[in-house]
Each structure stands twice: as C-alpha cells, then as structure tokens.
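Per-entry structural report
Each chain, written out:
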Amino acid sequence: MDWFGFLFLIEVTIGGLLSGVMYALVAIGFVLIYKTSGVLNFAQGAMVLFAALTFVSLVEAGVPFVLALLISAAIMVALGFAIERTVLRPLANRSPMTLFMATLGLSYIIEGAAQIIWGTEVHRLDLGISNAPFQVAGVFISTFDLVAAAIAGVLVAGLTAFFRWTRTGLAFRAVADDQFAALAVGLRLDRTWATVWAAAGIVALVAGLLWGARLGVQFSLSLIVLKALPVLVLGGFDSVLGAIVAGLAIGATEKLAEVYLGPFVGGGIEGWFAYVVALLVLLIRPSGLFGQKLVERF
Amino acid sequence: MSQPVLEFDHVYAAYNGAIAALHGVSLTVRKSEITALLGANGAGKTTLLKAASNLLPAGRGQITGGRIRYKGRDVTTDTPHAHIRNGLVPVLEGRRCFKTLSIEENLTTGAIGRGLERAQIAQVLEQVYDLFPKLKLRRNSLAGLTSGGEQQMAAIGRGLMARPEVFLLDEPSMGLAPLVVVEIFETLARLNRETGLTILLAEQNSAIALKYAHHATVIENGRSVLDGPASDLAARADIRALYLGGTPEPVRI
Ligand SMILES: Nc1ncnc2c1ncn2[C@@H]1O[C@H](COP(=O)(O)OP(=O)(O)OP(=O)(O)O)[C@@H](O)[C@H]1O
Ligand SMILES: [Mg+2]
C-alpha cells in the first residue's frame, strides 16, 4: 500500500469510528432500560424520531434554539415518565416477551402521535455545526462527525458520573443487579424505572438531533433501531461500555467493508454488514463482548 | 414479658393463586426479644417472613387471609418501602448481596432505602464497620468476590444501615462454617442486648437458634405446631425428631 492508500485507510477508519459513536448513542438508550427492567425497548427508535420532530417543529415555529432544546428535553422526560407509569408499572412481573410486545406497540403509538402532531414531511435540521471537512496531516475529517462525537462523549461521561456518584445512580445499579433484593432493601423500583426512562428520553433527544441533522428529520429516523441492534448484540444488551465499544467497532468495520469489499460485491454493504458481524459474535459469544459478566467466586 | 411489637394473626398465603403455603399461622414477636422461627424444608418460614415485608407479590405469591400488625397498626398491605421506613427490615434468604457493587455500596443501599441523608449514612456506616470489622477491610471489594461469611455480614450490615427496630432474618447460618455462624449469632445477640433490637429469625439450624433465642415457634406445612420459651423447646429432645427434619432414631449401620 502506498502512502496515499494508507492515508485513505486512516481517513475511512476515523470516519467509521465517528459514525460509530452515533450508533452507540442509540444503543445506550436501550441499555439503560434493559439493565434495570429487563425490557428490550423497541420504542427507542420512535422516541428518537419523536424527539427530533418536536425540536424541529419548535424551531420552525420560531422558538429560539436553546429554548426549543429545553422544551424538547422536558417533553422527552415527561414522555419517559408517562411510559413508565402507563405501560411498565401495570405490566411489572410479566414475562420479557410481553414487555417487548408492549414496547413494540408503543413504538407505533409514538410514531402515530408524532405524525398526527407534527405531520409527515421531511424537515431539514440545521444545528449550526459546519459540514466542511478539515485536514490533519493529510487526513480529511468531517467537522460535523467530530462535534457529534464530542457531544456524545460528554453525554456518556455525564451519565457515567451520574450512575457512579449519586445515590439515585447507586439505586439504579442495585436494581440492575438484583431487582428483588433492591425491593427488599426498600428501594423504589418505580422511581428507578421512571428515572431511567427519562434518561433514555434525553439520550433519544441527543441522538435524534445528531442523526436528524445528518439525514434530515423524517420517519425513517425511527429505523435507526435497526442500526442499534447489531451494536447491542456485539456489546451485550446490559453494558454501556459494551455499547460504546461495539458502536465504534461496527462503525469502523462497516465503513472499511464498504470501501474495500464493496466494489467486489457491487456495493451497498453498509446496510447489512453489521448484521453479519453480529451473527458471527452470536455464534462465538452469545452474551456479547461485555454482556453480563458474572461477578462470582468459583 | 415485654409488649408485642409484631403480630401475625391467622396468616394465610399462597403462590400463583393456588398453591397454599401458609394455613393460618399466628405468632407474636415481643419487643427486644429474639424469636426463633423453626421448621423443616418447605415448612413456610420464608413465606411468613416475606409476608411480613409484603414481598410475596414480587414472587407471584400473596397473602390470602389474616392480618399482620406492627406496633399495633395493621400493616398487611403496606409497601416494602413503607415497612423499611417504619423500621421493619428484612435480611433475605441466601444473602442476596448486590454482586456487582462494592461492599460499601451494598451497605449504602440499605440506608438509601430508609431515606437517610449523606451525613447520617456516614455515621451508620461507621457503626456497621465497628460491628463487622471484616467488612471495613473489604469495603472496596465487589460483593460477588467476597466469601460466603462476608456476604452474610454484608447482607446483615445492609439491613442494619436502615436502622431497624425489628429485624427479620431468613436463615443467616445457611451454607456457612460453624465458626462463622457463631460469630454472626454472637453479633446479633450483642445487638439485641445492647440496643434492644427485636429479632425474628428463621432457622433450620435449630440448635444454634434455640441457644440464642428467648422464644421459639415451630411451623410445619404452613401451620403453627409449637410455641414457647426457647429453653423449654431446647430441653425437649423429641422436637427435632418430630418437626425439624431430624432422624427419629439414631441410624444404625
Ligand atoms: N415461588 C414459589 N412458587 C410456588 N411455591 C412456592 C414458592 N416459594 C415457596 N413455595 C412453596 O411454599 C411452601 C413453603 O416454602 P418456604 O420457602 O416458605 O419454606 P421454608 O420453610 O422457608 O423452607 P426452607 O427451609 O427450605 O427455606 C413450600 O411448599 C414451597 O414449595
Ligand atoms: Mg426458607
């Protein structure tokens, strides 16, 4: 490989890693809810769409950027609380399949509601982040991807600090570890769930803004759950760290495969390559790279 | 005799709406006493203790009849959280430590459940460490990586962090070496003596339970069959054989 080929490889890898951050962002929303309640929240994609639509509609209606952001965040938190109250609490102690079906239904309700409230056309979303690539040592990097990665990084750091250092965060980890013991200790499961759904709502808002700025705010945005699934399989459904690492890994391999293998199979690899990777991981490590490491003495 | 603090009045309980596990158990726990709840495997000890904390619904069970009174008030339908706030604190069978949390974090969850503030948490934490110095040494270890005895101490310590008035312990001796069992019972007896902590203790190990308890109750197939001062029950050799799953005759080979 010559020097330019090498630079190109670096460029593709960095581009892939940066878009992987965005996959991780969606996957983290899943992980938060799965860890504490064992619910695979299929509605996460619909929440991303709902958040982005809410924000765009507010901005288009002339609401200033920061205010729109705050209102959208408040709405997502309220939506999280409402879902916990009306869907999860009544279904507590039901089988995981029942809960999964409930979130599947929920995703249609949220999408339908979004459609009724905000309409169906595609909205352009401009976050004011430059799209121009810049050059470092001969490698082109997208400014937008870099800023998006930084925002995602700050969000993850914030969540990590919250769960590590606050009492609410400790309660969250206890519930995730042993729900029955947490109940017996006097922790309130409903409160923890409500907090987690609210946090997932905020994560959905951030993901929705970044993805929306990239692809336009439209209904296909809710399909990014399908991008998050392979990430979850690879990283494990219950690991935030796993979601990040797997998001990066899938982002990078996907782009590399597209560029270097794509020409041989006629392109379009990006759409399905992540699933092949996930399938291979499933065969070798069913719990994912970071999933459910049991802390136990033998 | 001191006054009753926790009273089970003809308590019935069932699992899955059908499998009856308790058939009208009555039991009175008196203030500042240690009461032993004895019975063979499946007698209903765990079910009775879970009923007291209203933890049955979380395991597809429910109280189907009778009343539970705490300090004279009917608490049968109080939430688990409300029970903790009132000082009625369970320590579950099989320890159930949070394995992925450190020992100190495990202890802290007990205080959070009671709703204590940061300053109070630090204070009770020191008290628990004084009682179980081993826990202090292991404070930063993940609970799942500590020994069975340490996990039992952590489970008891986690309960103590909620500042219990009545402590409900389910088989604290389970799976532990005799010396560790003695250490744990000595600590519980000391707490009872020095702070007046009321204890209701389910045990299969009737010998050690009767040694430390003031009062004892035996249940069999979900019914109370015997009740009296622990020393009386300990003096009757037939009890073990009849109700506690011991062998009636010495086995000859
Ligand atoms: N979750 C459950 N579902 C159905 N039946 C149950 C459940 N838990 C307990 N039981 C039944 O209820 C009865 C009482 O059980 P319990 O666990 O209270 O006994 P125990 O005295 O604590 O026994 P052990 O000494 O073995 O702990 C048993 O017949 C048991 O099979
Ligand atoms: Mg039991």
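Our subject is the structure listed above.
This text gives an overview of the structure that appears in the document. Throughout this description, residue numbers start from 1 for each chain and increase along the sequence as written. Labels are handed out in written order, letters beginning with A for the chains and numbers beginning with 1 for the ligands. Local features in this predicted model are restricted to residues of pLDDT 70 or higher, and side-chain atom pairs are both shown and tallied only at a pLDDT of 80 or more, whereas totals for entire chains, interfaces and linings draw on every residue. Calculated side-chain values reflect all of the structure's heavy atoms, with hydrogen atoms and water omitted.

1. Details of the site of ligand 1
All names here are of chain B. Here is the rule: Residues are counted as near a molecule or strand when any one of their heavy atoms sits within 4 Å of it. The term polar contact refers here to a pair of N or O atoms within 3.5 Å; inside protein, the definition further demands a hydrogen-donor-capable atom paired with an acceptor-capable atom, and it admits residues adjacent in sequence only when both atoms are side-chain atoms. Strands are runs of DSSP state E lasting at least two residues, helices are runs of H or I lasting at least four, and both sets are numbered from the N terminus onward.
N41, T46, T47, E93 and Q204 are the nearest of the 15 residues found near ligand 1. At a separation of 2.7 Å, an oxygen atom of ligand 1 approaches a polar side-chain atom of E93. Here E171 contributes a side-chain N or O atom positioned 3.0 Å from an oxygen atom of ligand 1. Elements with a contribution of two residues or more to the shell around ligand 1: β2 (19-30) and α1 (45-52).

2. Focus: the pattern of salt bridges
Rule in force here: Think of a salt bridge as a Lys or Arg side-chain nitrogen and an Asp or Glu carboxyl oxygen that are within 4 Å of each other. Buried, partly exposed and exposed residues are distinguished by accessible area as a fraction of the type maximum, computed with a 1.4 Å probe on protein chains only: under 20%, between the cut-offs, and over 50%, respectively.
Per the counting criterion, the structure on display carries 17 salt bridges over all chains. Measuring nitrogen to oxygen at the nearest pair gives 2.9 Å for the salt bridge that ties R73 of chain B to D78 of chain B. Given the relative accessible area of 41%, R73 of chain B is considered partly exposed. The closest approach of N and O atoms between E150 of chain B and R138 of chain B, which form a salt bridge, is 3.4 Å. Note that E150 of chain B is positioned in helix α6 (residues 148-160) and R138 of chain B in the loop between α5 (133-137) and α6, a separation of 12 residues in sequence. Its relative accessible area of 24% is what places R138 of chain B among the partly exposed residues. Several salt bridges share partner residues, and in doing so they unite E84, R89 and D190 of chain A into one network.

3. Structural notes on the packing of helix α2 (residues 44-60) of chain A against helix α4 (residues 96-118) of chain A
All names here are of chain A. The criterion, for reference: To get an axis, a line is fitted to the C-alpha atoms, and for a helix only the part in contact is used. The angle between two axes follows their N-to-C directions and goes from 0 to 180 degrees. Any angle between 65 and 115 degrees counts as roughly perpendicular, while under 35 counts as roughly parallel, over 145 as roughly antiparallel, and the rest as oblique. With the far helix as reference, a near helix turned anticlockwise by less than a right angle produces a left-handed crossing, and one turned clockwise produces a right-handed crossing. For this analysis, residues touch if any pair of their heavy atoms sits within 4.5 Å. Ten residues, namely Ala, Val, Leu, Ile, Met, Phe, Trp, Tyr, Cys and Pro, are considered nonpolar, four, namely Asp, Glu, Lys and Arg, are considered charged, and the remaining ones, Gly among them, are considered polar.
Their axes nearest at 9 Å, the elements α2 and α4 cross at an angle of 15 degrees. Looking at the two axes, α2 sits roughly parallel to α4. Considering only the axes of α2 and α4, their crossing is left-handed. From α2, A46, M47, L49, F50, L53, T54 and S57 reach across to α4, where they touch S107, I110, E111, A114 and W118. Class assignment for the residues of the contact of α2 with α4 results in 8 nonpolar, 3 polar and 1 charged.

From the geometry alone we can't say anything about function, so treat these as descriptive.
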